[in-house]
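Tertiary structure, described
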Amino acid sequence: MSHDLFLAAKAAMANAYAPYSKFPVGAAIRTTDGRVFSGCNIEVASYPEGWCAETTALGHYIMGGGGEIAEIAVVAERMARITPCGACRQRLAEFAGADAKLHLCDDAGVVETVTMGAMLPYGFEGGILK
Ligand code: THU
């Protein structure tokens, strides 16, 4: 089942706009009701203004109605088992619970599956702000 989410992330990676780093990344999010949202990294000549594949996928997820996240897949063309950057861990944790699965992939498929809770232990939680 996770293989099709990997394929969605890989397809998204084909759209990456990464002329500066030449490091294409793809991400895909599946909700518990089966919807899939994907994204690629998008870079900008003013380098800090670019953003990650996970962030693009989250934008699609929100625009598609949001909901409970079951699993997330991330893949990079040039890295065997990419892990989301710190900022994206925090962004993903805003919407994905500690039990949501995070599939770390290489070019062929899922290499390792961890939970969001394991990926961002002791993360800042914004409940008190609401
Ligand atoms: N990148 C992602 O898209 N996701 C990550 O989790 C790590 C890094 C992108 C950002 C930038 O476009 C390129 O990879 C090199 O850092």
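Residues numbered from 1 in each chain as written. Predicted model: local features only at pLDDT ≥ 70, side-chain atom pairs only at ≥ 80, totals over all residues. Heavy atoms only, no water.

Side note on the state of the cysteines
Note the threshold: Only a pair of cysteine sulfur atoms within 2.5 Å counts as a disulfide in this structure description. A simple rule labels every residue: compare its accessible area, found with a 1.4 Å probe on the protein chains alone, to the largest value its type can have, and call it buried under 20%, exposed over 50%, or partly exposed in between.
One pass over the structure, following the stated rule, counts zero disulfides. Residue Cys52 stays outside any disulfide, its sulfur separated by 3.8 Å from that of Cys88, the closest cysteine. By relative accessible area, Cys52 is classed as partly exposed at 27%. Cys88 gets classed as buried once you look at its relative accessible area, which sits at 0%.

A few points about the sheet that holds strand β3 (residues 69-76)
Quick reminder of the rule: Any two strands with at least two DSSP-identified bridges between them are counted as paired. Strands are runs of DSSP state E lasting at least 2 residues, helices are runs of H or I lasting at least 4, and numbering of each runs from the N terminus. For helices, the fitted axis covers only the stretch in contact; all axes are lines through C-alpha atoms, and the angles between them, taken along N-to-C directions, range from 0 to 180 degrees. The criterion used for residue contact is that any of the two residues' heavy atoms lie within 4.5 Å.
Sheet architecture is open: five strands sit in the order β2-β1-β3-β4-β5, paired in mixed fashion. Unpaired on one side and paired on the other, β2 (36-40) and β5 (110-115) mark the two borders of the sheet. On average, each strand axis in the sheet is tilted by 15° relative to the strand beside it, whichever way the strands run. The pairing of strand β4 (residues 101-105) with β5 spans five bridges and is classified as antiparallel. Counted as the bridge partner of Cys105 is Val110 from β5. Relative to β2, helix α2 (residues 53-63) is tilted by about 145°, and along the sheet it contacts β1 (25-31), β2 and β3.

So, the UniProt feature "binding site: Zn(2+)" (unreviewed entry) in the protein chain
This is how the line gets drawn: UniProt positions are given in the numbering used here, feature names are shortened, and annotations may be inferred rather than shown by experiment.
Taking the numbering used here, the UniProt-annotated feature "binding site: Zn(2+)" (unreviewed entry) corresponds to Cys52, Cys85 and Cys88. For the residues just named, distributed over 37 residues, the greatest C-alpha separation is only 8.5 Å, placing them together at one site. Its location among the elements puts Cys85 in the loop between β3 and α3 (86-95). Here Cys85 is in contact with Cys52 and Glu54, once residues within four sequence places are set aside. Counting through the fold element by element, Cys88 comes out in helix α3. Beyond its immediate stretch of four places on either side in the chain, Cys88 contacts Cys52, Glu54 and Thr55.

Things to note about the packing of aromatic side chains
The test is simple: The criterion for an aromatic pair is that two Phe, Tyr or Trp rings (for Trp, the six-membered ring) have centres within 6.5 Å, with stacked assigned to planes under 30 degrees apart, edge-to-face to planes over 60 apart and tilted to the rest.
All chains considered together, the criterion is met by three aromatic pairs. On the numbers, 6.2 Å between centres and 75° between planes, the contact of Phe37 with Tyr61 is edge-to-face. With a gap of 24 residues between them, Phe37 in strand β2 and Tyr61 in helix α2 connect regions that are remote in the sequence. Residue classification places Tyr61 among the buried positions, given a relative accessible area of 3%. Ring geometry for Tyr61 versus Phe95: centroids 5.6 Å apart, planes at 65°, classification edge-to-face. One end of the pair, Tyr61, is in helix α2; the other, Phe95, is in helix α3, and 34 residues separate them in sequence. Assessed through its relative accessible area of 35%, Phe95 is described here as partly exposed.

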